[in-house]
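An overview of the molecular structure
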Number of protein chains: 2
Amino acid sequence: MDVKKNIAVSKSNAGRKTGYRNFPMVPRVVFGRGSFDQLGDILLPVRRNAEAPVIFLIDEVFERNELVARVPVMFNDKIIFVSADEEPKTDQVDALVALIREQFSELPSGIVGIGGGTLLDLAKAVALLLTNKGSAKQYQGWDLIEKPGIYHAGIPTISGTGAEVSRTAVLLGPSKKLGINSDYTTFDQVILDPDLTIGVPKDQWFYTGMDCYIHCVESLNGTFLNAFSQSYGEKALDLCKEVFLGDLTPVESRDKLMMASWHGGMSIAYSQVGVAHALSYGLSYVLGVKHGIGNCLVFQHLEEYYPEGVALFKKMMKKHGIILPKGICRNLSESEMDTMVSVSLSMKPLWENALGPSWKERVHPDTLRKIFREI
Amino acid sequence: MDVKKNIAVSKSNAGRKTGYRNFPMVPRVVFGRGSFDQLGDILLPVRRNAEAPVIFLIDEVFERNELVARVPVMFNDKIIFVSADEEPKTDQVDALVALIREQFSELPSGIVGIGGGTLLDLAKAVALLLTNKGSAKQYQGWDLIEKPGIYHAGIPTISGTGAEVSRTAVLLGPSKKLGINSDYTTFDQVILDPDLTIGVPKDQWFYTGMDCYIHCVESLNGTFLNAFSQSYGEKALDLCKEVFLGDLTPVESRDKLMMASWHGGMSIAYSQVGVAHALSYGLSYVLGVKHGIGNCLVFQHLEEYYPEGVALFKKMMKKHGIILPKGICRNLSESEMDTMVSVSLSMKPLWENALGPSWKERVHPDTLRKIFREI
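Just so we're clear, the structure is a prediction, and the values are computed from it rather than from any experiment.

**Re the overall build of chain A**
When helices and strands are counted, chain A shows 13 helices and 10 strands. Over its C-alpha trace chain A gives a radius of gyration of 20 Å, about what one expects of a compact globule, namely 21 Å for 375 residues. With respect to the principal axes defined by its C-alpha atoms, chain A has extents near 60 × 50 × 45 Å. Taken over 375 residues, chain A has a buried fraction of 62%. Counting contacts in chain A only where the partners sit at least 6 residues apart, residues at least 24 apart contribute 77% of the total. For chain A, the exposed area adds up to about 13900 Å²; of that, 51% sits on carbon and sulfur atoms. Separation of charge centres in chain A, based on 40 positive and 43 negative side chains, amounts to 5 Å.

**A look at the relation of the copies chain A and chain B**
By a simple turn and slide, chain A fits onto chain B: the slide is 0.0 Å along the axis, the RMSD is 0.0 Å, and the turn is 180°. Here the copies are linked by what is in effect a two-fold axis. Looking at the rotation axis and the C-alpha trace of chain A, the residue lying nearest is A:Pro27, at 2.4 Å. Most of the interface of chain A is mirrored in chain B: 100% of its interface residues are interface residues there too.

**Re the nonpolar core**
In this structure, A:Trp262, A:Leu302, B:Trp262 and B:Leu302 are the most contacted members of the largest nonpolar core, which totals 250 residues. Among residues more than four places away in sequence, those in contact with B:Leu302 are B:Val275, B:Ala276, B:Leu279, B:Val310 and B:Ile371.

**Structural notes on the sheet that holds strand β9 (residues 177-181) of chain A**
All names here are of chain A. Overall, mixed pairing links the three strands, which are arranged β6-β9-β8 in an open sheet. The open sheet has two free edges, formed respectively by β6 (141-142) and β8 (170-172), since each of these has just one partner strand. Judged from the three bridges that link them, β8 and β9 form a sheet pairing that is antiparallel. Its bridge partner being in β9, leucine 172 is matched across the sheet by lysine 177.

**Considerations on the pairing of strand β10 (residues 189-192) of chain B**
Residue and element names in this part refer to chain B. Every second residue of β10 is oriented toward a common face, with Gln189 and Ile191 on one face and Val190 and Leu192 on the other, all of them buried. For strand β7 (residues 152-156) and β10, the ladder comprises two bridges, and the chain directions are parallel. Its bridge partner lying in β10, alanine 153 is registered against glutamine 189.

**Notes on the side chain of A:Thr118**
Within the secondary structure, A:Thr118 is located in helix α3 (residues 117-129). With residues near it in sequence (within four places) discarded, A:Thr118 still touches A:Ser83, A:Ala84, A:Glu86, A:Pro88 and A:Lys290.

**Examining the interface of chain A and chain B**
If you look at the interface, chain A gives 51 residues, while chain B gives 51 residues. Here chain A and chain B share an interface that buries about 4000 Å² over both sides, 50% of which is from carbon and sulfur atoms. Summed over the shared surface of chain A and chain B, the number is four salt bridges. Where A:Asp183 meets B:Arg28, a salt bridge forms, and the shortest distance between an N and an O atom there is 2.9 Å. Applying the counting rule to chain A against chain B returns 22 residue pairs in polar contact (both at pLDDT 80 or more). Those elements that provide at least two residues to the side of chain A that touches chain B are β1 (22-24), β2 (28-31), α1 (39-43), β10 (189-192), α5 (227-245) and α6 (250-269) of chain A. Counting residues per element, the side of chain A that touches chain B draws most heavily on α5(A), at 10 residues. Bridge count between β2(A) and strand β1 (residues 23-24) of chain B: two bridges; the pairing is antiparallel. Bridge pairing in β1(B) places A:Val29 opposite B:Phe23.

**Description of the UniProt feature "domain: Alcohol dehydrogenase iron-type/glycerol dehydrogenase GldA" (unreviewed entry) in chain A**
As annotated by UniProt and renumbered to match this structure, "domain: Alcohol dehydrogenase iron-type/glycerol dehydrogenase GldA" (unreviewed entry) occupies residues 28-194 of chain A. Annotated as residues 28-194 of chain A, this span is 19% helix and 24% strand, and its ends, taken at the C-alpha atoms, are 17 Å apart.

**Side note on the environment of A:Tyr207**
Residues and elements named next belong to chain A. With respect to the helices, strands and loops of the structure, tyrosine 207 is situated in helix α4 (residues 202-220). Judged by its relative accessible area of 10%, tyrosine 207 is buried. With sequence-adjacent residues up to four places away left out, tyrosine 207 is seen in contact with Gly292, Ile293, Cys296, Ile322, Ile323, Leu324 and Pro325.

**Section: unusual backbone geometry**
A positive phi angle, close to 45°, is found at A:Phe75, a residue other than glycine. One can find A:Phe75 in the loop between β3 (54-59) and β4 (78-82). Positive phi is not limited to glycine here, since B:Asp143 has a value of about 60°. Here B:Asp143 is to be found in the loop between β6 (141-142) and β7. With relative accessibility at 34%, the residue B:Asp143 sits in the partly exposed group.

**A closer look at the environment of A:Arg33**
Along the polypeptide, A:Arg33 turns up in the loop between β2 and α1. Taking the C-alpha atoms as reference points, A:Arg33 and A:Leu196, 163 residues apart in sequence, are found 8.2 Å from one another.

**With respect to the domain arrangement of chain A**
All names here are of chain A. According to the domain assignment, chain A contains domain 1 (29-197) and domain 2 (202-374). Computed over C-alpha atoms, the centres of domain 1 and domain 2 are 25 Å apart. The partner domain 2 presents 24 residues to the 30 residues of domain 1 that form the contact. Across the domain 1 to domain 2 interface the summed buried area is about 2300 Å²; carbon plus sulfur atoms make up 65%.

**Concerning the pairing of strand β7 (residues 152-156) of chain A**
The buried fraction of β7(A) is high, at five of five residues. Residues of β7(A) alternate between two faces, with A:His152, A:Gly154 and A:Pro156 on one and A:Ala153 and A:Ile155 on the opposite face, all of them buried.

**A look at the UniProt feature "domain: Fe-containing alcohol dehydrogenase-like C-terminal" (unreviewed entry) in chain A**
The UniProt feature table records "domain: Fe-containing alcohol dehydrogenase-like C-terminal" (unreviewed entry) at residues 207-338 of chain A. Taken end to end, residues 207-338 of chain A comprises 70% helix and 0% strand; its first and last C-alpha atoms sit 26 Å apart.

**Here's the deal with the packing of helix α4 (residues 202-220) of chain B against helix α5 (residues 227-245) of chain B**
Residue and element names in this part refer to chain B. Where α4 contacts α5, the axes come no closer than 9 Å and their chain directions differ by 145°. The hand of the α4/α5 crossing is left-handed. In this structure, α4 uses Trp205, Phe206, Gly209, Met210, Cys212, Tyr213, Cys216, Val217, Ser219 and Leu220 to contact α5, whose residues at the interface are Ser229, Gln230, Gly233, Glu234, Ala236, Leu237, Cys240, Val243 and Phe244. Partitioning the contact of α4 with α5 into residue classes produces 13 nonpolar, five polar and one charged.

**Overview of the sheet that holds β2(A)**
Taken together, the seven strands give an open sheet; going across it, the order is β4(A)-β3(A)-β5(A)-β7(A)-β10(A)-β2(A)-β1(B), and neighbouring strands pair in mixed fashion. Strands at the two margins of the open sheet, each flanked by one partner only, are β4 of chain A together with β1 of chain B. With five bridges joining them, β3(A) and β4(A) adopt parallel strand pairing. Pairing of A:Asp59 across the sheet is with A:Val82, part of β4(A). Running over the sheet, helix α2 (residues 90-103) of chain A touches β3, β4 and β5 (110-115) of chain A and is turned about 160° from β4(A).

**Overview of the packing of aromatic side chains**
Residue and element names in this part refer to chain A. Scanning the model with the defined rule gives 26 aromatic pairs over all chains in all. When the ring of phenylalanine 23 is compared with that of tyrosine 270, the centres are 6.0 Å apart and the planes differ by 75°; the resulting orientation is edge-to-face. Placement of the pair is phenylalanine 23 in strand β1 and tyrosine 270 in the loop between α6 and α7 (275-287), with a sequence separation of 247 residues. Each member of the pair, phenylalanine 23 as well as tyrosine 270, carries the same accessibility label: buried. In this arrangement the basic side chain of lysine 177 is found over the ring face of tyrosine 281, its NZ or CZ atom lying 4.5 Å from the centre.

So, how was this worked out
- Residues numbered from 1 in each chain as written.
- Chains lettered and ligands numbered in written order.
- Predicted model: local features only at pLDDT ≥ 70, side-chain atom pairs only at ≥ 80, totals over all residues.
- Heavy atoms only, no water.
- Helix = DSSP H or I, 4+ residues; strand = E, 2+ residues; numbered from the N terminus.
- Rg over C-alpha atoms; globule rule 2.2 N^0.38 Å.
- Buried < 20%, exposed > 50% of the residue type's maximum accessible area, 1.4 Å probe, protein only.
- Contact = heavy atoms within 4.5 Å.
- Areas by Shrake-Rupley, 256 points an atom, 1.4 Å probe, with all protein chains shown as cover.
- Lys, Arg positive; Asp, Glu negative; His and termini not counted.
- Charge placed at Lys NZ, Arg CZ, Asp CG, Glu CD.
- Least-squares fit on C-alpha atoms with pLDDT ≥ 70 in both.
- Core = buried A, V, L, I, M, F, W, Y, C linked by side-chain atoms within 4.5 Å.
- Pairing = 2+ DSSP bridges.
- Buried area = accessible area lost by both parts, 1.4 Å probe.
- Salt bridge = Lys/Arg side-chain N within 4 Å of Asp/Glu carboxyl O.
- Polar contact = N/O pair within 3.5 Å; in protein donor to acceptor, adjacent residues only side chain to side chain.
- UniProt positions renumbered as here; feature names shortened; annotations may be inferred.
- Domains from an automatic or database assignment.
- Axes fitted to C-alpha atoms, helices over the stretch in contact; angles between N-to-C directions.
- Left-handed = near helix turned anticlockwise from the far one by under 90°.
- Nonpolar A, V, L, I, M, F, W, Y, C, P; charged D, E, K, R; others polar.
- Phe/Tyr/Trp six-rings, centres within 6.5 Å; stacked < 30°, edge-to-face > 60°.
- Lys NZ or Arg CZ within 6 Å of the ring centre and 35° of its normal.

Put into structure tokens, the structure is as follows:
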């Protein structure tokens, strides 16, 4: 999620001073089944010396997996297994940074995140907080990071979040769910190995894939859209349709969903998400609902904003026999509901992208309350 | 053109040591109409000091254009206008490097190429040759460059070549037409301003756009294809169809063709071109035919290899009233024809991509001779 918008330039003022984002792309990417095994070679030139370790942050679901034996551990490198059961938190980043500082006399040579969006965002944030003083919560926002982080590489093991290409690390903080958005956040290296997504449970595969699908719908229907993000969004959407409504082999499906995530991430990075993400952030903040399923829970009730997108989403749910939980917000107190609504409404650029500059006239807190009550 | 292939991994050996390319992406990109005017701000942090100039290599068609007044010249910066009437040459690179060395006591802060593929490839090569000793011809090939070049930015003013994203700088040398292919070749910064393509003559617009279209056809029909390059190639092809067969406004058309070029370049960078480029290289080498039109001249006769692609190409020609010159090779001597055929056949990875590992059994010099005679 990246809520700094690209300034739209009308035909009449083309040629005048403009403020389009100078977008940081991941400077190095490997794609291919089995490409994980190139990680050792890729890290060699990154290693400063034997005392400066590479820290591997790995989703703990891999703790007893054959993948661990393939992690290219050398010298005093360290593997830290991290649970992705909950959304990543600013405290968690601070604790990881403190642990690394305590255990090593030198700054690490690099941080490698292996996992889903949670692990990737943690890896980005830890790399930044090792060189930028203070707590992660101080940097939730836009362009607050002052120094480059240490080298950081991202290796997704589930497809859809777009965290592998984004310039943000979304964290739950004490007062908000918001990303550390900066040009330094983007990974220095990404390895896209579709084989790493073998074994993802079906519901997670669906929810996380829908994160990508929803990114595309929000980006393509947004007012911030331009030809750059449109081309990426359209391609990601086409790939999602192939994966979730087509008839692909498992190998093709994994390959294509990984590319959908990549292109979908590029699309929102140069435009913006919308209503689903605004509401989903409120849901996550108050109830800790994970991002992927949170998006789905919200999106099913957004026919008013995205009629075609929601219709197709329901078709995908049906095809894959996905049944969303119900009554999530049933027992919320009024004050919790108020928080949920106000956190959602605080995501101004998302609303502006979705509904235009006069979005405040077009969305009422009661509408959101009604949607949340249905979830 | 980038003829180092990505090693295909069959399902059976997935997980074994692999050799996929670790692809260098352009690390910074701005997209938007009028975004050229951000160049000054972008260059500010690049400038080392007042003695280290930025050298702007600009297509000489802009010499009397309002664009020149918008070039952010400071201190002792220098604008060099370069003709793009001929394909870029290794000698030309050497001469530019010598000129810059002679006129300035310090290495430049950066090189900015503004123009089509010729100017972009020259800018890349000059940036590399300012730090790598000797002549440009020594570096025609793959990964022969040993040191990073100086900072180089690319600003396309015509769409289709893909030179803005590629890791090559294609040059005519004394003994071959071949790129300087290296991880250091890729631009450090690209500005995609579709308004800069206003005023491109219709035939050039078509020929250069077809460079992109042909990239896609060759990449998508090649044996090196994977899901990464496929997704970019499909999107670029879709955009070409919209631009050349659809009903877009001029603004939309410029926006979309610029994105088509970008995605098409990404697609071939991670796979390979094919028969059209192999033959077109022969044509350029012997007759100096420019790359865009050379591709078109060749491609019209490649129904055997790309039946659907050629049919659509002819439809596009018809729609835009493009009539290709004829009899180009009519007066060639037998020895010139031999050279043309042997230069074309020397592009092994292109043939292997197009026809598979046993390509030699499937293509005969006489077939190429026959095609050339028809051009």
